[in-house]
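Residue-level listing of the chains:
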Amino acid sequence: MVNVCDIQVMKPLLAEHGFHFSKAKGQNFLIAPWVPQSIAEQSGVDGMAGVLEIGPGVGPLTQQLALRAGKVCAVEVDERLKPILAVTVGEFGNVEILWQDVLKLDIPALVKEKFPGLRPMACANLPYYITSPILTALLEAECFDCVTVMVQKEVAQRIAAAPGTADYSAFTIFCQYYAEPELLFEVPAHCFLPQPKVTSAVVSLHVRRECPWEILDEDVFFRTVRASFAMRRKKLSNGLASGFPELGKAGAAEVIAAAGFAPNVRGETLSIPEFARIANEILRRRGNAI
C-alpha cells in the first residue's frame, strides 16, 4: 500500500501527474498518517459497513476505510486526481470512485444501489467552504447509521454546542435534531499540505433512529428556530414576531407565555424540546394553517 501521507511520496506523485492544489476546491491533503487511521478506527467502520466517502483527495482516508469496510464508495469532483487515486487505492477491490459532485447526487438512491446488505455510513474530510451544504445533505438523506467528518474546529464546536453557549446556533439544532454529535479529536494545521490557517476537528454524528420529541410540524419547528437565531441578541418575542409576521408582537408574547416561558426569554437559551413547545404552540394557534 502506497504511504500517501509521506510527503516524500506525495510530492513526487503529484508532480508526476502535474497536479496543483486548488484553493477554489479547498484542497488540503493529509500528511500525518495517524489522522486517517484514527478517523477510520473511531468512526466504527467494520466489515459490515458500506461507507460513502466525500472528497477522497489522494486517498489516505480511503485506504484506511478500505482496510476495514465491506465497501467504500468515494465521490470526488476533481478528475485531475484520477491517475493518482489509481495508484493509491487501485489495489483495493472494495473501493469504487464516482467522479461527480455529491451535492448533485440522489444520496439515498446511491446508498441503496451501492451498499445492499451493508450498514450505510458516511465519512469525509470536508472542504471548509462547503461543510454546511454537504453535512446538511448527508443528514437530510436519513439513510446513514453514522456520519463522521473532519471540519474546521469552530464548526465542530458549533455542531456539539449546548444551549446558552456562544457556539450554539440554528445549525447546532439542525445537526442535533438528526443526530447525537460526539467530538472525537483535534487535528493541527501542520498535519496538512498545504497548511490551512485553522485547526480542524473530527466529529461523529450518530444518527437518531426516531425523533425523541413531540414535534407536530417539522417545517414550523425549523422556521421557529431560524426566526429565533436571526435576532439572537434580542428577546425571543422579537424574533418570532419577525419570523411569523401573522403573529405580531402581541401574538408572539402570547405564544411564549402559553408554552410556559418568561416574557424576556431568548431563543439562544432554549433546547430542542423547548423549541418544540414554542413551534407546537404556534401551530395550534394557527390551526395548522402555517
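See above for the structure.
Here the structure is a predicted model, which means the values were calculated and not measured. (Residues numbered from 1 in each chain as written. Predicted model: local features only at pLDDT ≥ 70, side-chain atom pairs only at ≥ 80, totals over all residues. Heavy atoms only, no water.)

S.K.: Can you lay out the overall build of the protein for me, pointing to particular residues and giving the numbers?
M.R.: A count of helical and extended segments in the protein gives twelve helices and nine strands. In terms of its C-alpha atoms, the protein occupies a principal-axis envelope of roughly 70 × 40 × 30 Å. When burial is assessed residue by residue, the protein has 51% of its 290 residues classed as buried. The contacts of the protein with a sequence gap of at least 6 include a subset with a gap of at least 24, amounting to 69%. Here the protein contributes 28 positive and 31 negative side-chain charges, whose respective centroids are spaced 8 Å apart. (Helix = DSSP H or I, 4+ residues; strand = E, 2+ residues; numbered from the N terminus. Buried < 20%, exposed > 50% of the residue type's maximum accessible area, 1.4 Å probe, protein only. Contact = heavy atoms within 4.5 Å. Lys, Arg positive; Asp, Glu negative; His and termini not counted. Charge placed at Lys NZ, Arg CZ, Asp CG, Glu CD.)

S.K.: Quick rundown of the sheet that holds strand S7 (residues 179-187)? Include the residues and the values.
M.R.: Pairing within the open sheet is mixed, and its seven strands lie in the order S4-S3-S2-S5-S6-S9-S7. Edge positions in the sheet fall to strand S4 (95-98) and S7, since each of these pairs with one other strand and no more. Put simply, the sheet's adjacent strands are angled 20° from each other on average, direction ignored. Relative to S4, strand S3 (residues 71-75) is paired through four bridges, and the arrangement is parallel. Counted as the bridge partner of Ala74 is Ile97 from S4. Contacts from helix H6 (residues 131-140) reach strand S2 (49-54), strand S5 (119-125), strand S6 (146-152), S7 and strand S9 (200-207) within the one sheet, and its direction differs from that of S6 by about 175°. Across the face of the sheet, helix H8 (residues 170-178) comes into contact with S7 and S9 while running at roughly 115° to S7. (Pairing = 2+ DSSP bridges. Axes fitted to C-alpha atoms, helices over the stretch in contact; angles between N-to-C directions.)

S.K.: How would you sum up the packing of aromatic side chains? Please name residues and give values.
M.R.: Describing an aromatic ring pair means giving the distance of the ring centres and the angle of the ring planes. Taken as a whole and assessed by the stated rule, the structure comprises 14 aromatic pairs. Ring pairs connect the aromatic residues Phe171, Phe174, Tyr177, Tyr178, Trp213, Phe221 and Phe222, which therefore count as one cluster. (Phe/Tyr/Trp six-rings, centres within 6.5 Å; stacked < 30°, edge-to-face > 60°.)

S.K.: Just give me the short version of the side chain of Glu281, but keep the residues and values in it.
M.R.: Among the structural elements, Glu281 can be located in helix H12 (residues 272-285). Classification of Glu281 as buried rests on a relative accessible area of 17%. Those residues in contact with Glu281 that sit more than four places away from it in its chain are Val255 and Ala258.

S.K.: Before we move on, could you go through the environment of Cys175 and cite the residues and values that matter?
M.R.: Along the chain, Cys175 turns up in helix H8. Cys175 sits in the buried class, given a relative accessible area of 0%. Between the C-alpha atom of Cys175 and that of Ser132, which follows or precedes it by 43 residues, the distance is 10.0 Å. Sequence-distant contacts of Cys175, that is, excluding residues within four places in its chain, are made with Leu135, Leu139, Ile159 and Leu205.

S.K.: I'd love a proper account of the pairing of S2, names of residues and values included.
M.R.: Taken across its six residues, S2 has six buried, putting it largely inside the fold. Side chains Ala49, Val51 and Glu53 of S2 all project onto a buried face; the interleaved residues Gly50, Leu52 and Ile54 project onto the opposite face, where all are buried too. Crossover handedness for the path S2 to helix H3 (residues 60-66) to S3: right-handed. (Right-handed = clockwise from strand over helix to strand, strands pointing away.)

S.K.: Lay out the environment of Arg285 with the relevant residues and their values.
M.R.: The residue Arg285 is located in helix H12 in this model. In sequence terms Arg285 and Glu254 are 31 residues apart; their C-alpha atoms lie 9.8 Å from each other. Within the structure, the side chain of Arg285 is placed 3.0 Å from the side chain of Glu254, a separation counted as a polar contact. (Polar contact = N/O pair within 3.5 Å; in protein donor to acceptor, adjacent residues only side chain to side chain.)

As far as function goes, none of this settles anything; it's purely spatial.
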